[in-house]
Amino acid sequence: MKILTINSGSSSIKYQLFDMPSKRIIKKGFIERIGETGSKVKNHHEGIALILRNLPSVSAIGHRVVHGAEEFWKPTLIDDRVIAKIKRCSKLAPLHNPANLAGIMACRKILKHIPQVAVFDTAFHHSLPDFAYIYGLPYEYYKRFGIRKYGFHGTSHEYVAHEAAKKLNKPLNKLRLITCHLGNGCSITAVKHGKSMDTSMGFTPLEGLLMGTRCGDLDPAVVTYLQRRLNVSSEKMDEILNKKSGLIGVSGISNDMRKLFGAYKNGNKKAKLALEIFIYRIKKYIGAYAALLCGLDAIVFTAGIGENQAFIRNKVCQGLLPCLRKRPKVLVIPTNEELMIAKQTYEVIKR
Ligand code: ADP
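A brief structural summary. Sequence order as written defines the numbering, with residues in each chain counted from 1. Reporting in this predicted model follows two pLDDT cut-offs: at least 70 for local features of residues, and 80 or more for side-chain atom pairs to be given and counted; totals over whole chains, interfaces and linings ignore these cut-offs and use all residues. Just so you know, side-chain values use all the structure's heavy atoms and leave hydrogens and water out.

## Thoughts on the sheet that holds strand β6 (residues 116-120)
The pairing criterion for strands is at least two bridges between them, as found by DSSP. Strands here mean DSSP runs of E at least two residues long; helices mean DSSP runs of H or I at least four residues long; both are numbered from the N terminus. Here six strands make up an open sheet; going across it, the order is β3-β2-β1-β4-β6-β5 and the pairing mixed. Both outer strands of the open sheet, β3 (24-31) and β5 (76-77), are each paired with one neighbouring strand and no more. Each of β1 (2-8), β2 (13-19) and β3 touches helix α1 (residues 44-53); the most contacted strand, β2, lies at about 30 degrees to it. Note on contacts: a residue pair qualifies if any of its non-hydrogen atoms lie within 4.5 Å across the two residues. Throughout, an axis means a line fitted to C-alpha atoms (over the contacting stretch in the case of helices), and angles, computed between N-to-C directions, take values from 0 to 180 degrees.

## Observations regarding the site of the ligand
Near the ligand, the surroundings consist of G183, N184, G185, N255, D256, M257, R258, A303, G304, I305, N308 and Q309. Two N or O atoms form a polar contact when they lie within 3.5 Å of each other; inside protein one atom must be a possible hydrogen donor and the other a possible acceptor, and for residues adjacent in sequence the pair counts only when both atoms belong to side chains. N184 is positioned such that a nitrogen or oxygen atom in its side chain is 3.0 Å from an oxygen atom of the ligand. In the model, an oxygen atom of the ligand is placed 2.9 Å from a nitrogen or oxygen of the M257 main chain. Using the Shrake-Rupley algorithm and a 1.4 Å probe, accessible areas are obtained, with residue cover drawn only from the displayed protein chains. If the ligand stood free it would expose 570 Å²; the protein chains cover 65% of that surface. Considering each element in turn, the shell around the ligand owes the most residues, four residues, to helix α12 (residues 303-308). Gly is placed with the polar residues, together with every amino acid not listed as nonpolar (Ala, Val, Leu, Ile, Met, Phe, Trp, Tyr, Cys and Pro) or charged (Asp, Glu, Lys and Arg). For the shell around the ligand, a count of residues per class yields three nonpolar, seven polar and two charged. Only a single heavy atom is needed: when it lies within 4 Å of a molecule or strand, its residue is near that molecule or strand.

## Considering the nonpolar core
Across soluble globular proteins, nonpolar side chains show a tendency to be buried alongside one another. Ranked by size, the top nonpolar core spans 38 residues in total, and within it I178, I188, F278, I282, I286 and I312 carry the most contacts. Of all elements in the fold, only β7 (176-182), β8 (186-192), α10 (257-265), α11 (269-293), β10 (298-302) and α13 (310-317) reach the threshold of two or more residues within this core. I286 has contacts with I178, C180, I188, I299, V316 and L320, leaving out every residue within four places of it along the chain. Listed in part, the 23 residues of the second largest apolar core include A165, L168, V191 and L331. To qualify as a nonpolar core, a set must consist of buried Ala, Val, Leu, Ile, Met, Phe, Trp, Tyr and Cys residues joined through side-chain atoms within 4.5 Å. Accessible area is worked out with a 1.4 Å probe on protein chains only. A residue is then buried under 20% of its type maximum, exposed over 50%, and partly exposed in between.

## Side note on the packing of α1 against helix α3 (residues 97-110)
Taken N-terminus to C-terminus, the directions of α1 and α3 make an angle of 55 degrees; their axes are 9 Å apart at the nearest point. Comparing the axis directions of α1 and α3 gives the class oblique. For the crossing formed where α1 meets α3, the hand is right-handed. Residues H44, H45, I48, A49 and L52 of α1 lie in contact with α3, whose contacting residues are A99, A102, G103, A106, C107, K109 and I110. For this classification, under 35 degrees means roughly parallel, over 145 means roughly antiparallel, 65 to 115 means roughly perpendicular, and everything else is oblique. By definition, turning the near helix anticlockwise from the far helix through less than a right angle yields a left-handed crossing, and turning it clockwise yields a right-handed one.

Right, here's the structure in full:
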């Protein structure tokens, strides 16, 4: 069965065509600068049409959808009702879900009879207990506005947890893992017996670790204080927290770990500080999650930084491993969200 995965962003579409269940990649690629001046591709419909024109016949399509809120907790066959629900979730992810939906709508228009499945970034974290996802705010805001921790990168955390179980040669439902997805966006998840018990990203992907351009954990009073001092709108504040903070904000050099590491090696003090904060936060979360898991079989590192920066991995583990009663294994596992989407789509279609 040929399964096409689509990751439709605001100005780009990434795709991979898999032969399933063999997992062989038949073709992959991406289209960028959708809708930008001078671009040949004016909208998502044109982008999808261009991709499909150059592919052999497709049996099913799996779409990445960022936010499933409390509506979706497993891969879901797309129909009109599902589309309406994904639209409802868009208010929680106004930058992402509409772009994901644009890809879905284009595929539905062009390939009317091909089944399509939505795979949600939030779904893996559906297992969080309420005491982990409810914030210390008046409870009515949870009910009225859906303010709670949702967590993201779920497809990646789930994928590497499964791969870790294979590497450790143990059933996933017997393992306690901490999975660290360290890319441009960074998140860390406590996985107990295959289920997400807590995760560092929250209501949005801003909470938790220090990231390329996002601040991560912050006293919420800083936000209102800064807004008053800088006399800026909430949109501007949002931009500061999401785009101007994190590694680039602290270092003033770059959000790219390779460049930052180069500056650190050349003795740059701000680069050193940014790296120290980055490492410190990961360590702190691992310690906290090891405590709530009551034991730890393995720490898994994945994504651009997790897979490639041995320096960061070593610094995180330094002093941490001896503190734990039983030394966990440390694994580096390349993430593969596309394959996870293809697998989950295949499972839904087979059923
Ligand atoms: P995204 O979240 O956009 O998918 P990635 O998983 O590609 O991001 O991670 C991007 C981060 O990984 C950047 O900070 C980059 O510097 C770092 N990175 C990627 N490849 C390497 C590498 N070979 N060596 C060191 N750092 C890397």
